[in-house]
Structure formats: C-alpha cells, structure tokens
Amino acid sequence: MYHLELRQFPHVARIFNLGREELDARFVRPWVTGSIIEHDERRWAPDRVRLKILEGRALRPDELGMGRGWATASRACADVTEAVMAEVRRGARAHPEVESLKAVIEEVAAGAPPRGTEARAAGTAPGGAIGFADVMALAAAAHPGRRVSEQLAIAEQAVWEMLHQQRLEMTAGGEPVGREAWQGVVLSWATWAGTGEPVELRLPVRPGSGA
C-alpha cells in the first residue's frame with residue numbers, strides 16, 4: 001500500500017492506503033506531466049506542490065484517527081518518492097522491454113543461460129543467485145543499440161518491479177535485505193558497478209518447492 005502527502009503552502013493533504021494504479025493515475029502522473037491535481041475540492045498546482053510517497057503495510061482505521069496517520073505511516077513505511085517518480089517519468093511500467101527482461105532474469109536466476117545473447121553467464125553462484133552486474137549485462141546484450149543510461153534504466157526498473165512483485169529476493173551475505181533498504185541499493189551506482197557491498201538477487205523460495 002502507498003500513503004501520500006501533498007504540500008502546497010499553506011495547505012497539506014494526506015491520503016492513505018492507495019493502490020499503485022490509483023496513486024499513479026490520480027497523483028503521480030498528473031504531477032509528472034504538469035497537470036493540475038484535483039483532490040478534496042482543491043486544485044494542486046504541480047509547480048507549487050511537493051509530494052511525498054511512503055510504501056508499506058495498510059493502516060487500520062484506528063491508526064488514522066486523531067491525526068496520527070502520517071506519523072504511523074512514517075514509522076512503518078519506506079519513503080519511495082524518488083523511485084516512484086523515476087518510474088513514472090520513464091514511462092517504464094509495463095513497458096515491453098522491461099517485461100521481457102524480467103522474464104530473462106527469472107530464467108537466469110533459475111540457472112538457465114542467457115538466451116540469444118553474449119552476456120556473461122549469470123545465475124551460476126550457489127543457490128541460483130544473480131548479481132546486479134549480471135542484470136545490467138543482460139539489459140545491455142538485449143538492447144545493444146541503446147545508451148548506457150537507457151540500458152541501466154531498463155535493468156533498474158525490472159529489478160525494482162520484480163522485488164515488489166515478490167519474483168526476486170535481495171540478499172547480502174546470504175541474509176535477506178529488508179524492503180526499507182531496497183531503494184537505497186537499487187538506486188546506487190555502486191550497486192550496478194559492483195563496487196559497493198556485495199548484494200545478490202535470488203528467486204524466492206516457494207512453499208512445496210523443496211528448496
């Protein structure tokens with residue numbers, strides 16, 4: 001679930017328990033495209049409004065009373081403002097290039113060699129791990145004519161969506177990385193360049209999988 005704060009001096013509005021599609025359609029996409037946001041009988045101008053987006057669990061009705069909702073959300077949820085804005089700006093959500101890369105990542109993480117590419121073999125680490133550099137190599141091999149920044153955007157978006165769809169897990173030193181840390185890892189150049197703390201991506205263990 002997502003929780004949103006709109007600030008346009010002297011007004012503040014906070015909206016809780018939004019799904020991603022509603023968040024994008026009602027607030028983020030209009031803000032990115034420079035359109036007026038209409039909420040609570042007020043018009044919020046993109047050039048004057050500041051948005052803050054939190055992601056985490058849904059808040060119960062008793063947690064929203066007496067003006068406690070935003071404080072509760074801030075403690076329980078991660079700030080994903082920049083990541084969500086970047087996704088919408090790129091228009092990458094549900095983009096065919098991202099979707100196709102996600103399918104390849106799953107196959108490689110499961111131990112299959114990259115199909116039709118000369119990317120270095122990934123997914124060979126114990127437990128079927130795949131590194132961020134491997135994902136970048138797959139994106140580059142799949143789109144060799146694209147600029148590096150575009151290849152990185154495709155790779156970044158694919159990993160971000162797969163983590164939130166629970167199609168990948170992020171681990172460091174064999175231990176799971178908490179959701180609140182995902183944004184800092186995925187948006188760090190050191191992660192993709194392989195110069196930061198070693199972090200791996202794995203397929204989640206499904207009940208009855210025998211893993």
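Above this text you will find the structure in question.
Bear in mind that the values here come from a model prediction, so they are computed numbers and not experimental data. (Residues numbered from 1 in each chain as written. Predicted model: local features only at pLDDT ≥ 70, side-chain atom pairs only at ≥ 80, totals over all residues. Heavy atoms only, no water.)

Student: What should I look at first to understand the overall build of the protein chain in this one?
Tutor: Across its full length, the protein chain holds nine helices and ten strands. Here the protein chain, with 211 residues, has 44% of them falling under the buried criterion. By sequence separation, contacts in the protein chain at least 24 residues apart represent 62% of the contacts at least 6 residues apart. Carbon together with sulfur atoms contributes 52% to the accessible area of the protein chain, which is approximately 11300 Å² in total. (Helix = DSSP H or I, 4+ residues; strand = E, 2+ residues; numbered from the N terminus. Buried < 20%, exposed > 50% of the residue type's maximum accessible area, 1.4 Å probe, protein only. Contact = heavy atoms within 4.5 Å. Areas by Shrake-Rupley, 256 points an atom, 1.4 Å probe, with all protein chains shown as cover.)

Student: What am I meant to see in the sheet that holds strand β2 (residues 11-18) here?
Tutor: If you walk across this open sheet you meet the four strands as β2-β1-β5-β6, and the pairing is antiparallel. The sheet is open, and its two borders are formed by β2 and β6 (78-79), each paired with just one other strand. When strand β5 (residues 50-55) meets β6, the two strands line up antiparallel, connected through two bridges. Within β6, the residue paired with glutamate 55 across the bridge is alanine 78. (Pairing = 2+ DSSP bridges.)

Student: Got a minute to help me understand helix α5 (residues 96-109) in this structure?
Tutor: Structural remark: α-helix, 3.6 residues per turn; residues separated by three or four positions point the same way. With 14 residues, α5 should reach 20 Å at 1.5 Å per residue; the first-to-last C-alpha distance of 20 Å fits that figure. Of all the positions in α5, only Glu97, Val98, Leu101, Lys102, Val104, Ile105, Val108 and Ala109 are classed as buried. Buried residues in α5 make contact with β7 (130-131), α6 (132-142) and α7 (148-164). Glycine 111 sits one or two residues past α5 and shows a positive phi near 110 degrees. (Expected span 1.5 Å × (residues − 1).)

Student: Explanation requested: the environment of glutamate 106 in the structure shown.
Tutor: Within the fold, glutamate 106 resides in helix α5. C-alpha separation for the pair glutamate 106 and arginine 202, spaced 96 residues apart in sequence, amounts to 8.8 Å. Reaching out from glutamate 106, the side chain makes a polar contact with the side chain of arginine 167 at a distance of 3.0 Å. (Polar contact = N/O pair within 3.5 Å; in protein donor to acceptor, adjacent residues only side chain to side chain.)

Student: How do you make sense of the pairing of strand β8 (residues 169-172) when you look at a structure like this?
Tutor: As defined by bridge partners, β8 adjoins strand β10 (residues 200-202) across three bridges and the pair is classed as antiparallel. Bridge pairing links glutamate 169 to arginine 202 in β10. Bridge count between β8 and strand β9 (residues 175-176): two bridges; the pairing is antiparallel. Along β9, the bridge assignment pairs threonine 171 with proline 176. With antiparallel pairing between neighbouring strands as the criterion, β8 and β9 make up a hairpin whose turn holds two residues, including glycine 173 at a positive phi of roughly 60 degrees.

Student: Would you mind showing me how to read the sheet that holds β10 here?
Tutor: Within a sheet, each strand pairs with its neighbour through backbone hydrogen bonds, oriented either parallel or antiparallel. Taken together, four strands build an open sheet; the order of strands is β7-β10-β8-β9 and the sheet is antiparallel. Two strands lie at the open edges of the sheet, namely β7 and β9, each paired on one side alone. Sheet analysis places β7 next to β10, joined by two bridges and oriented antiparallel. Bridging from a neighbouring strand, isoleucine 130 pairs with leucine 201 of β10.

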